[in-house]
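Below are the chains, spelled out letter by letter.
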Amino acid sequence: MEKFRIIGGNRLCGQVDISGAKNAAVAVLPATVLIDGVCRIENIPNIADVTNTLKILKYLGSKVRYINKNTVEIDNRNIFGYIVPHDLARHMRASYYFIGALLSRFGIARVSMPGGCNFGVRPIDQHIKGFNALGATVSPMENGMIEVVANRLVGNSIYLDIVSVGATVNAMLCAVKSRGFTIIENAAKEPHIVDLANFLNSAGADIRGAGTDVIKVRGVDHLYGTTYSIIPDQIEAGTYMAAAAATGGDVLIRNVIPKHLESITAKLQEMGVYIEEYDDSIRVCRPEPLIHCNVKTMPHPGFPTDMQPQISVLLSIAKGTSILTESVWDNRFRYVDELRRMGVQVQVDGKVAVFQGVDYLTGAPVKATDLRGGIAMVIAALAARGKTEIEDIQHIERGYENIVDKLAQLGGDICRIVVSDSVAVRAL
Ligand code: EPZ
């Protein structure tokens, strides 16, 4: 077991390169199952969620070969498996993309209900609505598995009752090789939805409208091997923006698509952060104290829920009262109990958190409760006075490539320690 040890107070300054998008990679990799050929996927982030997705592919019979740290070649011509067992599915939510992909390839998928961050109930009724609409039958099995079967997937109209990233991805995966025409209405518009559509189109699919709330898919018989580069990670970029702002720093964040960051940029500017946009980089500088503001998370293009914990750190040190409303997940404030240990003044009532800005945070032993809650601890620790040790960093490493090196390169005092060392140090 390892922890992060962070001594706060250093301004983050310099340049950092953003990796490929986690939530695009974990959709594109299962989508390769649909392809009779060899795919070369570039700009793959080197994170635990990708490693786990590749483990599932190998289990199903894919040949997976790393060309370099961020490029992987996947040959699914001889893939044979259609079962994803619990041990492989439990680590991440996105394992449910294998349902759509395997159903499309084999007409059958048996997949264990997925794991991932705990934000309360995470239903998959909208995924099932999509499978049913295209002619599949969904049956619960023993041991938390579900079986989805179809003799032939046939295009249809799918109206999602809730804007769901996962249900939109699964509907696209099913529709892409089904017979005829599918229309997905009230679709999610996140950048990773567009990236998945672009990837599939580069392999011969016919998907239009991704990035709007109506996606039209004309089924094709075959998809062919392709080379594709994953988009930069919007949330990793936003996280470094928040870290620069929290520490009063000045950071040039490279390899980003500034358009994907607009809602984050707008909020930071409202808080008094200075931002300059370039073609594929963004400079974030915070010379003055932060100004309080209100934030509400929304599906894209609104303020992303996956940036909610990171912005909460800024609200906690912005002078005055700020209100943060979570409108996507029922229970995404579990991490604030840990932030309170660092001096954050916050009251949570259901999906609303009210922050009373404090002059400074103080280091404390804390735990990462989930991926984004965990990275919020890192940002708070970098901005705080004194030493913080963060446990359960495996949550953070699911989604952030090289986090220690990237922050250290910006001047953050952060290192990884093994738990037994820290016990010894504390005992002294
Ligand atoms: C994706 O999760 C992301 N994960 C999440 O990012 C992100 O928080 C979320 O989208 C929202 O942007 C991946 O892309 C792998 P949803 P997903 O289906 O697809 C409800 C991170 O930190 N819902 O868009 O699982 C659901 O309960 C992770 O990187 C239903 O009611 O989210 C939620 O309230 C965490 N029925 C809302 O919709 C369904 O069938 C949005 O969920 C499906 C979802």
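Residues numbered from 1 in each chain as written. Predicted model: local features only at pLDDT ≥ 70, side-chain atom pairs only at ≥ 80, totals over all residues. Heavy atoms only, no water.

Enquirer: Explain the overall build of the protein here, please?
Expert: Across its full length, the protein carries 15 helices and 24 strands. A compact globule built from 428 residues would reach a C-alpha radius of gyration of about 22 Å, and the protein, at 22 Å, matches this within 12%. Its C-alpha atoms put the protein at 65 × 45 × 40 Å along the principal axes. For the protein, contacts bridging at least 24 residues in sequence account for 73% of all contacts bridging at least 6. Put simply, the protein shows about 16,600 Å² of open surface, and 49% of that area lies on carbon and sulfur atoms. Measuring between centres, the 44 positive side-chain charges of the protein sit 2 Å from its 44 negative side-chain charges. (Helix = DSSP H or I, 4+ residues; strand = E, 2+ residues; numbered from the N terminus. Rg over C-alpha atoms; globule rule 2.2 N^0.38 Å. Contact = heavy atoms within 4.5 Å. Areas by Shrake-Rupley, 256 points an atom, 1.4 Å probe, with all protein chains shown as cover. Lys, Arg positive; Asp, Glu negative; His and termini not counted. Charge placed at Lys NZ, Arg CZ, Asp CG, Glu CD.)

Enquirer: Is there a simple way to think about the sheet that holds strand β22 (residues 365-367) in this case?
Expert: Strand pairing within a sheet occurs via backbone hydrogen bonds; the two strands may be parallel or antiparallel. Spatially, β22-β23-β1-β24 is the arrangement adopted by the four strands of the open sheet, whose pairing is mixed. Of all strands in the sheet, those bounded by a partner on one side alone are β22 and β24 (413-418). If you compare each strand with its neighbour and ignore which way they point, the axes differ by 25 degrees on average. Bridging between strand β1 (residues 2-7) and strand β23 (residues 387-391) involves four bridges; their strand directions are antiparallel. Across the sheet, Ile 7 pairs through a bridge with Lys 387, a residue of β23. Relative to the sheet, helix α12 (residues 371-383) contacts β1, β22, β23 and β24, its axis offset from that of β1 by approximately 30 degrees. (Pairing = 2+ DSSP bridges. Axes fitted to C-alpha atoms, helices over the stretch in contact; angles between N-to-C directions.)

Enquirer: Help me understand the packing of aromatic side chains in this model?
Expert: The description of an aromatic ring pair rests on the distance of the ring centres and on the angle between the ring planes. Under the counting rule described, the total for this entry stands at three aromatic pairs. Here the aromatic rings of Phe 199 and Tyr 228 are separated by 5.6 Å at their centres, their planes lie at 70 degrees, and the arrangement is edge-to-face. One end of the pair, Phe 199, is in helix α7 (residues 191-202); the other, Tyr 228, is in strand β14 (residues 227-229), with 29 residues separating them in the sequence. Overall, the relative accessible area of 0% leaves Phe 199 in the buried class. On the numbers, 6.4 Å between centres and 40 degrees between planes, the contact of Phe 333 with Tyr 335 is tilted. In this structure, Arg 385 packs its charged tip against the face of Tyr 360, placed 3.6 Å from the ring centre. (Phe/Tyr/Trp six-rings, centres within 6.5 Å; stacked < 30°, edge-to-face > 60°. Buried < 20%, exposed > 50% of the residue type's maximum accessible area, 1.4 Å probe, protein only. Lys NZ or Arg CZ within 6 Å of the ring centre and 35° of its normal.)

Enquirer: How should the side chain of Ser 316 be read in this particular structure?
Expert: Along the polypeptide, Ser 316 turns up in helix α10 (residues 308-316). Classification of Ser 316 by relative accessible area gives buried; the value is 0%.

Enquirer: What is the right way to look at the site of the ligand in this model?
Expert: Surrounding the ligand, one finds 26 residues, the nearest of these being Tyr 96, Gln 126, Ser 164, Asp 306 and Val 328. A distance of 2.7 Å separates an oxygen atom of the ligand from a polar atom in the backbone of Gln 126. Here Ser 164 contributes a side-chain N or O atom positioned 2.6 Å from an oxygen atom of the ligand. In isolation the ligand exposes 830 Å². Once the protein is present, 92% of that is buried. Secondary-structure elements contributing two or more residues to the shell around the ligand are α1 (22-31), α5 (125-133), α6 (165-175) and α12. Its residues placed into classes, the shell around the ligand shows 13 nonpolar, six polar and seven charged. Here the shell around the ligand gathers at least three residues from each of two domains, domain 1 (2-19 + 232-426) and domain 2 (22-229). (Near = heavy atom within 4 Å. Polar contact = N/O pair within 3.5 Å; in protein donor to acceptor, adjacent residues only side chain to side chain. Nonpolar A, V, L, I, M, F, W, Y, C, P; charged D, E, K, R; others polar. Domains from an automatic or database assignment.)

Enquirer: Please explain α12 as it appears in this structure.
Expert: The α-helix winds at 3.6 residues per turn, so residues separated by three or four positions along the chain end up facing the same way. Here α12 contains 13 residues, and its C-alpha end-to-end distance of 19 Å stays within 8% of the 18 Å for a straight helix at 1.5 Å per residue. Considered for burial, the residues of α12 that qualify are Leu 371, Arg 372, Gly 373, Gly 374, Ile 375, Ala 376, Met 377, Val 378, Ile 379, Ala 380, Ala 381 and Leu 382. At the N-terminal end of α12, a side-chain oxygen is found 3.2 Å from the backbone nitrogen of Arg 372, two or three residues along, and the residue is Asp 370. (Expected span 1.5 Å × (residues − 1).)

Enquirer: Please explain the sheet that holds strand β20 (residues 346-349) as it appears in this structure.
Expert: A sheet is described by the order of its strands in space; here four strands give the open sequence β18-β19-β21-β20, paired in mixed fashion. The open sheet has two free edges, formed respectively by β18 (295-296) and β20, since each of these has just one partner strand. In terms of strand pairing, β18 meets strand β19 (residues 321-325) through two bridges, oriented parallel. Bridge pairing links Lys 296 to Thr 325 in β19.

Enquirer: Explain the nonpolar core to me, please; I cannot follow it from the model alone.
Expert: Within soluble globular proteins, side chains that are nonpolar generally end up buried alongside one another. Counting residues in each nonpolar core, the largest one holds 74 residues, and the members touching the most others are Leu 196, Phe 199 and Leu 200. Other than its neighbours up to four places away in sequence, Leu 196 contacts Ala 27, Val 28, Ala 31, Val 169, Met 172 and Leu 173. (Core = buried A, V, L, I, M, F, W, Y, C linked by side-chain atoms within 4.5 Å.)

Enquirer: Would you mind going over the domain arrangement of the protein with me for this structure?
Expert: Often, the extent of an interface is quoted as the loss of accessible area on bringing the components together. Its domain assignment divides the protein into domain 1 (2-19 + 232-426) and domain 2 (22-229). The straight-line distance from the C-alpha centre of domain 1 to that of domain 2 is 30 Å. Across the boundary between the two partners, domain 1 contributes 23 residues, which contact 22 residues of domain 2. Between domain 1 and domain 2, roughly 1,900 Å² of surface is buried when both sides are summed, and carbon and sulfur atoms account for 53% of that area. (Buried area = accessible area lost by both parts, 1.4 Å probe.)

Enquirer: Looking at this structure, I do not really get the pairing of strand β5 (residues 71-75). What am I missing?
Expert: If a strand is regular, its side chains alternate between the two faces of the sheet. Of all the five residues making up β5, five are buried; the element is thus mostly covered by neighbouring parts of the structure. Residues Thr 71, Glu 73 and Asp 75 line one face of β5 and the alternating positions Val 72 and Ile 74 line the opposite face, and both faces are buried. Looking at chain direction, strand β3 (residues 38-42) and β5 are connected through four bridges and run antiparallel. The residue of β5 that forms the bridge with Arg 40 is Glu 73.

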